[in-house]
Amino acid sequence: MADLKVSGLHKFYGKFHALKGIDLEVPSGEFTVFVGPSGCGKSTLLRTVAGLEEASGGRIEIGGKDVTWARPRDRDIAMVFQNYALYPYLSVEDNIAFGLRARKFAEAETQKRVARAAEMLGIGALLKRFPRELSGGQRQRVAIGRAIVRDALLFLFDEPLSNLDAQLRDDMRVEIKRLHQELKRTMIYVTHDQIEAMTLADRIVLLRDGVIEQQGSPLALFERPATKFVAGFLGSPKMNFLKGRIGKGVVTLEDGAKLPLPSPKGKEGGAVIVGIRPQHISLGAKGSRTAHHVIVELVQPTGTRLHATIPFGGSTIVGEFDAHAATKPGAQLAIEIDMSRAAIIDPATDKVI
Amino acid sequence: MADLKVSGLHKFYGKFHALKGIDLEVPSGEFTVFVGPSGCGKSTLLRTVAGLEEASGGRIEIGGKDVTWARPRDRDIAMVFQNYALYPYLSVEDNIAFGLRARKFAEAETQKRVARAAEMLGIGALLKRFPRELSGGQRQRVAIGRAIVRDALLFLFDEPLSNLDAQLRDDMRVEIKRLHQELKRTMIYVTHDQIEAMTLADRIVLLRDGVIEQQGSPLALFERPATKFVAGFLGSPKMNFLKGRIGKGVVTLEDGAKLPLPSPKGKEGGAVIVGIRPQHISLGAKGSRTAHHVIVELVQPTGTRLHATIPFGGSTIVGEFDAHAATKPGAQLAIEIDMSRAAIIDPATDKVI
Amino acid sequence: MSALPFHRRHDVRLAIRYALAILITIVFVFPVYWLFIISFKTPDEIFAFPPVWYPKSVQFANYRVLFKDGDAETVLNSLILAGASTIFAMILGTLAAYSLARFKTGGENFAVWIISQRMMPPVAIVFPIFLLYVAFGWVDSFHGLIILYTAFNLPYVIWMMRGYIEDIPLELEESALVDGCTRWEVLWKVVFPMARAGLFATAVFTFVFAWNDFLFALVLTRTEVTTFPVQVTHYFGGQSNFWAKIAAMSVLGTIPVFFAVATMQRFLVRGISMGAVKG
Amino acid sequence: MSALPFHRRHDVRLAIRYALAILITIVFVFPVYWLFIISFKTPDEIFAFPPVWYPKSVQFANYRVLFKDGDAETVLNSLILAGASTIFAMILGTLAAYSLARFKTGGENFAVWIISQRMMPPVAIVFPIFLLYVAFGWVDSFHGLIILYTAFNLPYVIWMMRGYIEDIPLELEESALVDGCTRWEVLWKVVFPMARAGLFATAVFTFVFAWNDFLFALVLTRTEVTTFPVQVTHYFGGQSNFWAKIAAMSVLGTIPVFFAVATMQRFLVRGISMGAVKG
């Protein structure tokens, strides 16, 4: 059963066409992530679902009920905002209880629910404090608490972690995922961060310029991207793209280097773009027939791994190696490229062949 | 030769002791990164070096000259700010030329330098535009351009990338590193992001609560951290810390699990904390004598890799595995821990033994 | 927001500070002191030369006479007029400001047009208003002046409150809408508490503007609702013993303003610095 | 800043909008229209009943007489006084505001104290000032009123400019200091250009305050520097042909304000909305 069904949804801001006919179903209990670069329409889509923006056309159903023209309060949703949206003049307790009191819940029930939500999020000791006395992570927890006490059909998260620093973001990510496993509710999460999308989602909906570019499980999108855009958007460091021409069982790159084609694709002589992930470039033996000899331009250690920027195939690629690969700018390397996992892209359509 | 020498530097804000006697030398031509959690004093240190904050005690020498009480303009420094600090009423060209004109450079020389800096940063086509017409990345480039035309002895960067999104941050990081290789000038860079510190630095200065916790090359700090704080601060996902007691050649964890000690450390029966990086946990054969049998609690795929959260040793650890390790919440795994790379920490002092 | 560091010599700060200190003393403090002193002086002391810098004996005769003559009553009239018009202007103005801030009613230019109204020379509109009031029979009435002050202060209230409301993060209101509030509940439960300091600060200014009005009260009142500023000027140009009366009246008329500012001080501090702290 | 969505029925917006529209028409637009119309009426038309809603023939007689009688000269006097005092108040006030904003001179309470000065009832201080001016021989002089208007507007300028200056990101100034500017150069090259819209908006208000002053001009001038508001009131309570003269004077006296607001409109829009866009 789909808790949210969006059909033919359009949204205009003046002349700007922000959503261009979105069709989408979010199955009950799933964690769905809307992801894409800024301006792709992901936030607009979420806000239109919430009723904070008015649809310019199309239909939105929540729990089987048409809510396209309903007020936010009549949509059975709860929402967590990027900047926490806590009321500075209310205590943590009153902040969490705000939605229940607005809906005239009995005070005893309100108290019970607030206590349970606070316990679940580990903020039981903070209930009497005020938002200004809390750290960023604690505020985000209170904001989540305010959403979950509501026990709504749909939980919406609008980039909830982007105001936190890297370390805290990792921790909160785990916590949100754990919360989803515990509550088993339908959650929709908006982010521009591909790593958040990959790690959190049951299903990723990748948007671009107001249309859905591809949707599916994180691994499906990562390993079988439909377009160059998807391939380049997911993964870090970014996929390397090299221009080339199809030959007999090989792709010839701009500088003449040849890469084997594991299966025949495209027509011979046709232009293609080869997409290679940095993780699929490895160090080979010097003198090996399949290895390419290159000179390292720039090196970025990350701890256990190392990213090397290497001029290759008429462009510059990044490879990920072991931290002790002993490469320095100027060093000579022999690299092997795992072409079985490369994406072959038609430059005319930007589609993966 | 040291371009910057700081001795016994103290800084008070009212009663708050922000810098507690910093001693530091930055060798000529090196890329030094001040890193640490927010409030550690890294920005205060940079701003005091720049003369934007007044030292409460100690001595600052730039290029061998005591500048402790000098105005910023008399310190021979150039600085890039987090929010770009571009003048919205000046064109890109005038922004870059601002410092040269303030110092009464000849107009011909100014023009030449601006053109060269713009070319180096690939913003030659933007010179007539205004900051509001630029993207975040372009603005950051203009800000860097304004610093490099000055040709100062010391280049200071105050979290220059933290206003950019993840993708752009990666790109600009590479560009700053390339710029340093090209210019070979002394650069000091402040960030709270350990990945930026690791990938950019020739030398990391890790601050905590106003003192230098450890300094050295990125790999030295990552692989031989002096304290638990350093071990936990660098690396992603974070190092796992498990409480245990020293036995004969082993560490016994809280739940009774035993980990081998590669070399004798600490005294028998003493409490220790074992620090294990997620990358040093691997999948072992089921039934192997050295493997630990665990149940996965949470899984976060990142593309080619996967982070699994696993209850173990009386706590919860995160392990990094291949994306196709086929682990799901609830799955049984056998894991091997590479104890030769573990950090053994004395819980009394938080020092690595 | 950190302060700029202090670099010993080359600094603008000292120059500005001295200029400021001297100006403040001459222009602001001295007249107020002089006024206060005169109100306790005997008639002889007022025009003595060299001037009497501080009175030999403090005497309340000048104040006692105010209550006998009914002058003090005009202070009460001013209180009623300023108080009532402030309440009305705040209610109407805040609602209008919300509409401008959140629904962009009329756009930026409309907001500018509204505040432009505040710039219309009072002396220019007082005449048609007088004709209008004669026609309505509103001259020399409380409701006439209350309506006028309300209308005259409305642009200011709209302008100020619009700024304060725009400073409230939109998400706070959106969150309340999602959580189950109607738009009116959002106003009560989110907008008013968030803009409280601004509300009080604006109310103080509005009160003071009405309190200080001289021209409208002069033209539109006769004997029934004489206000304190008009009453004071009745004694201008008179004998030396009137000077003492004027001084005493002035001190009396300054007391409500003093209390309004003093009791609202913490809101004024917050309201004035609101813009600065929100980043 | 996005606008809130419009939800068909349950909405505060319509109610507010109608109330606003009606109020504006009655209170602001009608008197101005009436004034304008009267200035072109013949004496007979002015007190006609039923009222003449628009004059049959436009005639400039009322205006011609202003220039013959020297009434128009008082508009020029007002221009000189308001213009000069605005320039002085802006220079002193902006420097003081910079000191308050960046060096935290005196702290928040000092800033509130300064703006509190603006609330002092003018009618209360006009009397000691009059005595002071008599002593200095400044009564009925241009410099006397210019100094007074400067001093009276200073708190307002300081308060407004302090807000605008605090809105300038500190890094812009720091960057200029590092790049080689002295503090004075920072003021010229960074603070003034950045606060330009605020500067102009504040100057317009300051000009209008001085332009509209009635009380100080009434008390402190005699014949030499009569200002336009004082001159207008000379005709109050006179014959019906004076009404026409008053109307014409009022229109004439509104023109400079109209021009000040019109030419500065784009700065006013920016200055007024500055707070809103900085986030």
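Rules behind the numbers
- Residues numbered from 1 in each chain as written.
- Chains lettered and ligands numbered in written order.
- Predicted model: local features only at pLDDT ≥ 70, side-chain atom pairs only at ≥ 80, totals over all residues.
- Heavy atoms only, no water.
- Axes fitted to C-alpha atoms, helices over the stretch in contact; angles between N-to-C directions.
- Helix = DSSP H or I, 4+ residues; strand = E, 2+ residues; numbered from the N terminus.
- Parallel < 35°, antiparallel > 145°, perpendicular 65-115°, else oblique.
- Left-handed = near helix turned anticlockwise from the far one by under 90°.
- Contact = heavy atoms within 4.5 Å.
- Nonpolar A, V, L, I, M, F, W, Y, C, P; charged D, E, K, R; others polar.
- Buried < 20%, exposed > 50% of the residue type's maximum accessible area, 1.4 Å probe, protein only.
- Arc of directions from axis to C-beta.
- Patch = residues over 30% accessible without salt bridge, like charges linked within 9 Å, V, L, I, M, F, W, Y side chains within 5 Å.
- Areas by Shrake-Rupley, 256 points an atom, 1.4 Å probe, with all protein chains shown as cover.
- Salt bridge = Lys/Arg side-chain N within 4 Å of Asp/Glu carboxyl O.
- Domains from an automatic or database assignment.
- Buried area = accessible area lost by both parts, 1.4 Å probe.
- Polar contact = N/O pair within 3.5 Å; in protein donor to acceptor, adjacent residues only side chain to side chain.

S.K.: Got a minute to help me understand the packing of helix H5 (residues 107-117) of chain C against helix H7 (residues 142-166) of chain C in this structure?
M.R.: Between two packed helices, the angle of one axis relative to the other and the distance separating the axes together describe the packing. Residue and element names in this part refer to chain C. Look at H5 against H7: their axes get within 8 Å of each other, and the N-to-C directions meet at 140 degrees. The angle between H5 and H7 falls in the class oblique. Between H5 and H7 the crossing geometry is left-handed. Here Glu108, Ala111, Ile114, Ile115 and Gln117 of H5 come into contact with H7, specifically with Pro155, Tyr156, Ile158, Trp159 and Arg162. By residue class, the composition of the contact of H5 with H7 is seven nonpolar, one polar and two charged.

S.K.: Explanation requested: helix H3 (residues 61-69) of chain D in the structure shown.
M.R.: Because each turn of an α-helix spans 3.6 residues, side chains separated by three or four positions end up pointing in the same direction. Residue and element names in this part refer to chain D. Restricting attention to buried positions, one finds in H3 the residues Asn62, Tyr63 and Leu66. Projected onto a plane normal to the axis of H3, the buried residues spread over an arc of 100 degrees and lie on a single side. What points out from H3, more than 90 degrees from its buried face, is the exposed set Arg64 and Lys68. A positive backbone phi angle near 80 degrees is found at Gly70, which sits one or two residues after H3.

S.K.: Where do I start with unusual backbone geometry in this structure?
M.R.: Excluding glycine, a negative phi dihedral is what most residues carry, and trans is how most peptide bonds are arranged. Following Ser236 of chain A, the chain continues into Pro237 of chain A via a peptide bond in cis, with omega recorded as -10 degrees. Structurally, the position occupied by Pro237 of chain A is in the loop between helix H8 (228-233) and strand S11 (240-246). Of note in this structure, Asp350 of chain B is not a glycine but carries a positive phi near 60 degrees. Within the secondary structure layout, Asp350 of chain B lies in the loop between strand S21 (343-346) and strand S22 (351-352). Judged by its relative accessible area of 29%, Asp350 of chain B falls in the partly exposed class.

S.K.: Help me out: how do you make sense of a nonpolar patch on the surface in this one?
M.R.: There is a patch of nonpolar side chains on the surface, built from Leu76, Leu79, Ile80 and Phe142 of chain C and spanning about 320 Å² of accessible area. When residues in the nonpolar patch are grouped by element, the largest group, three residues, is from helix H4 (residues 71-103) of chain C.

S.K.: Help me understand the domain arrangement of chain A in this model?
M.R.: Reports of interface size often rely on the accessible area that becomes lost once the parts have come together. Residues and elements named next belong to chain A. Split into domains, chain A comes out as domain 1 (4-227) and domain 2 (240-352). A C-alpha centroid distance of 39 Å is found between domain 1 and domain 2. Each partner contributes to the interface: domain 1 provides four residues, whereas domain 2 provides four residues. Interface area, domain 1 with domain 2, both sides summed: about 420 Å², of which 56% is carbon and sulfur. Considering only the surface of domain 1 that becomes buried against domain 2, Phe222, Pro225 and Thr227 emerge as the three largest contributors, covering 78% of it. Here domain 1 is connected to domain 2 by zero salt bridges. Partitioned by chemical class, the residues of the side of domain 1 that touches domain 2 number three nonpolar, one polar and no charged.

S.K.: Sorry, what's going on with the environment of Leu261 of chain B here?
M.R.: Residue and element names in this part refer to chain B. Mapped onto the elements of the fold, Leu261 is located in the loop between strand S13 (258-260) and strand S14 (271-276). Judged by relative accessible area, Leu261 falls into the buried class, the value being 11%. Once the C-alpha coordinates of Leu261 and Lys248 are considered, the two residues, 13 residues apart in sequence, prove to be 8.5 Å apart. Those residues in contact with Leu261 that lie beyond four places of it in its chain are Ile246, Gly249, Val250, Val251 and Ile344.

S.K.: Which parts of the structure should I look at to understand the domain arrangement of chain C?
M.R.: Residue and element names in this part refer to chain C. Per the domain assignment, the segments of chain C are domain 1 (6-62) and domain 2 (65-273). On the side of domain 2, nine residues touch domain 1, which itself brings eight residues to the contact. Counting the surface lost from both domain 1 and domain 2, the interface buries some 800 Å², and carbon and sulfur atoms represent 77% of this. Of all residues in domain 1, the largest losses of buried area upon contact with domain 2 belong to Leu35, Phe47 and Asn62, amounting jointly to 53% of the total for that side. Linking domain 1 to domain 2 there are zero salt bridges. Inspection of the domain 1/domain 2 interface yields one residue pair in polar contact (both at pLDDT 80 or more). Those elements that provide at least two residues to the side of domain 1 that touches domain 2 are helix H1 (12-38) and helix H3 (61-69). Among the elements that make up the side of domain 1 that touches domain 2, the one with the highest residue count is H1 (three residues). Here the residues of the side of domain 1 that touches domain 2 are counted per class, giving six nonpolar, two polar and no charged.

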